[in-house]
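What the coordinates show
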Amino acid sequence: NGCSWNQCTYCEMYTAPQKKFALRDGNEVLESIRQCGEQFGPQVQRVFLGDGDALVLSTRRLLDVLHTIRLHLPQVRRISSYCLPRNVRNKSVEELQSLREAGLSLVYVGAESGDDEVLKAMHRVYTRESYLEIIRELRVAMPQVGLTTDIIVGFPGETDAQFENTMTVMEEVRFDGAYIFMYSP
C-alpha cells in the first residue's frame, strides 16, 4: 500500500497516515485474489496491481501474484501496474521478461515532465535522459508491453521551453496512453 517514494512536491495522494508505504502480507494478497475469483469470476477482465508501485516487490513475489491471478481469474485480458522508474531499473532484463511472460501487459511509468529543472523542482529522482534510458531498457526487455505515463503541465515556473522538452519526450517514447494534468496547487 502507498508509494515507495512519497516525496514528490506535487503529490498528496499518499500523504495521509493510512497511506504510509507498507508491504501487504503476501498470503493476504493471494487470498484476496482467490476470493475475487470466487465472487466475481468471469466479470473481471482487467487487473491493476495498484495502490502503489508493484515493482518494489521482489520478482518472485510478483510472479506469485501474477500466477495466482491467472489461476483464479483465467479470463483476465490485461494486468497492469504503476512502476516508479527507479524500480524498473532495479529489475534485470530477465526479471522483466519473466513478468511479461507471466501476464504483466501494461506498465504505467510516470514521466511527469521531460525537463530536468522541472523534475528537480518536483523532487523526482531521475533526469530526462535517465528516464528515457529506463524506457529504452523496458522496451528491450518487454517489447510487447503497453506503456503509459502521466504528464503535469503548468508546474510552477515551467517555461515554454521546458514544456517543449516534455513534448519531445512524448514524441520520442510514443506512449500507448498518457494522463495529462494541469498543475493545481
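All figures in this text were calculated on a predicted structure; none of them were measured in a lab.

Rules of the game
- Residues numbered from 1 in each chain as written.
- Predicted model: local features only at pLDDT ≥ 70, side-chain atom pairs only at ≥ 80, totals over all residues.
- Heavy atoms only, no water.
- Helix = DSSP H or I, 4+ residues; strand = E, 2+ residues; numbered from the N terminus.
- Buried < 20%, exposed > 50% of the residue type's maximum accessible area, 1.4 Å probe, protein only.
- Contact = heavy atoms within 4.5 Å.
- Areas by Shrake-Rupley, 256 points an atom, 1.4 Å probe, with all protein chains shown as cover.
- Phe/Tyr/Trp six-rings, centres within 6.5 Å; stacked < 30°, edge-to-face > 60°.

1. A closer look at the overall build of the protein
- Check the secondary structure of the protein and you find seven helices and five strands.
- Listed by position from the N terminus, the elements making up the protein come as α-β-α-β-α-α-β-α-α-β-α-β.
- A burial count over the protein gives 45% of its 185 residues as buried.
- In the protein, the proportion of contacts linking residues at least 24 apart, taken out of those at least 6 apart, comes to 79%.
- With the model as given, the accessible surface of the protein reaches about 10100 Å², and the carbon-plus-sulfur share is 53%.

2. Here we look at the packing of aromatic side chains
- Taken as a whole and judged by the stated rule, the model has four aromatic pairs.
- Judged by centre distance (4.8 Å) and plane angle (45 degrees), the ring pair of Y82 and Y108 falls under tilted. With Y82 in strand β2 (residues 78-82) and Y108 in strand β3 (residues 104-108), this pair connects stretches of sequence that are 26 residues apart.
- By relative accessible area, which is 14% here, Y82 ends up buried.
- Accessibility expressed as a relative area gives 16% for Y108, which makes it buried.

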